Amino acid sequence: QVQLVESGGGLVQAGGSLRLSCAGSGSIFSINAMAWYRQAPGKQRELVATITTSGSTNYADSVKGRFTISRDNAKNTGYLQMNSLKPEDTAVYYCAAVGVGIKWGQGTQVTVSS
């Protein structure tokens, strides 16, 4: 069974950077796509970025040019590098493995102050 644990969230000032990590199990990112989602209070969970098993990436328009999704298969770890952070990026960020169905991590809080 896929197990995912996010880390790296915190409070940063607008314009700052943060890197989120997603620790997985058993070579899951070699055989599953990885995605990052986020959810702010009172809002629906939204897709932020994806990376396929072949390495192709896609981003939500709101984060293009600022966020970078990546993975290290040898470490079974995925990442979301977030630069030029804005207050509207404030949310709980979730890692997901997408293959046969979807498996979620527990989430990590990102708060961006003005």
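In case you missed it, the structure is sitting above this.
Residues numbered from 1 in each chain as written. Predicted model: local features only at pLDDT ≥ 70, side-chain atom pairs only at ≥ 80, totals over all residues. Heavy atoms only, no water.

A. Spatial organisation of the environment of A96. Mapped onto the elements of the fold, A96 is located in strand β9 (residues 91-99). Between the C-alpha atoms of A96 and V12, which are 84 residues apart in sequence, the distance is 24 Å. Apart from the residues lying within four places of it in its own chain, the contact partners of A96 are L4, A33, M34, A35, Y37, I102, K103 and W104. (Helix = DSSP H or I, 4+ residues; strand = E, 2+ residues; numbered from the N terminus. Contact = heavy atoms within 4.5 Å.)

B. Looking closely at unusual backbone geometry. A positive phi angle is found at N76, which is not glycine, with a value near 50 degrees. Note on placement: N76 falls in the loop between β7 (67-72) and β8 (77-82). If you check the backbone angles, S84 has positive phi at about 50 degrees while not being a glycine. What makes S84 partly exposed here is its relative accessible area of 40%. (Buried < 20%, exposed > 50% of the residue type's maximum accessible area, 1.4 Å probe, protein only.)

C. A look at the pairing of strand β4 (residues 33-39). The element β4 is largely enclosed, with a buried count of five among its seven residues. Relative to β9, β4 is paired through seven bridges, and the arrangement is antiparallel. Bridged to Y37 within β9 is Y94. Here five bridges tie β4 to strand β5 (residues 46-51), and the two strands are oriented antiparallel to one another. Within β5, the position partnered with R38 by the bridge is E46. Counting the residues in the hairpin turn of β4 and β5 gives six residues, including G42, whose phi is positive at 75 degrees. (Pairing = 2+ DSSP bridges.)

D. Seen up close, the side chain of S21. With respect to the element layout, S21 can be found in strand β3 (residues 18-23). S21 has contacts with V5, E6, S7, W36, T77, G78 and Y79, leaving out every residue within four places of it along the chain.

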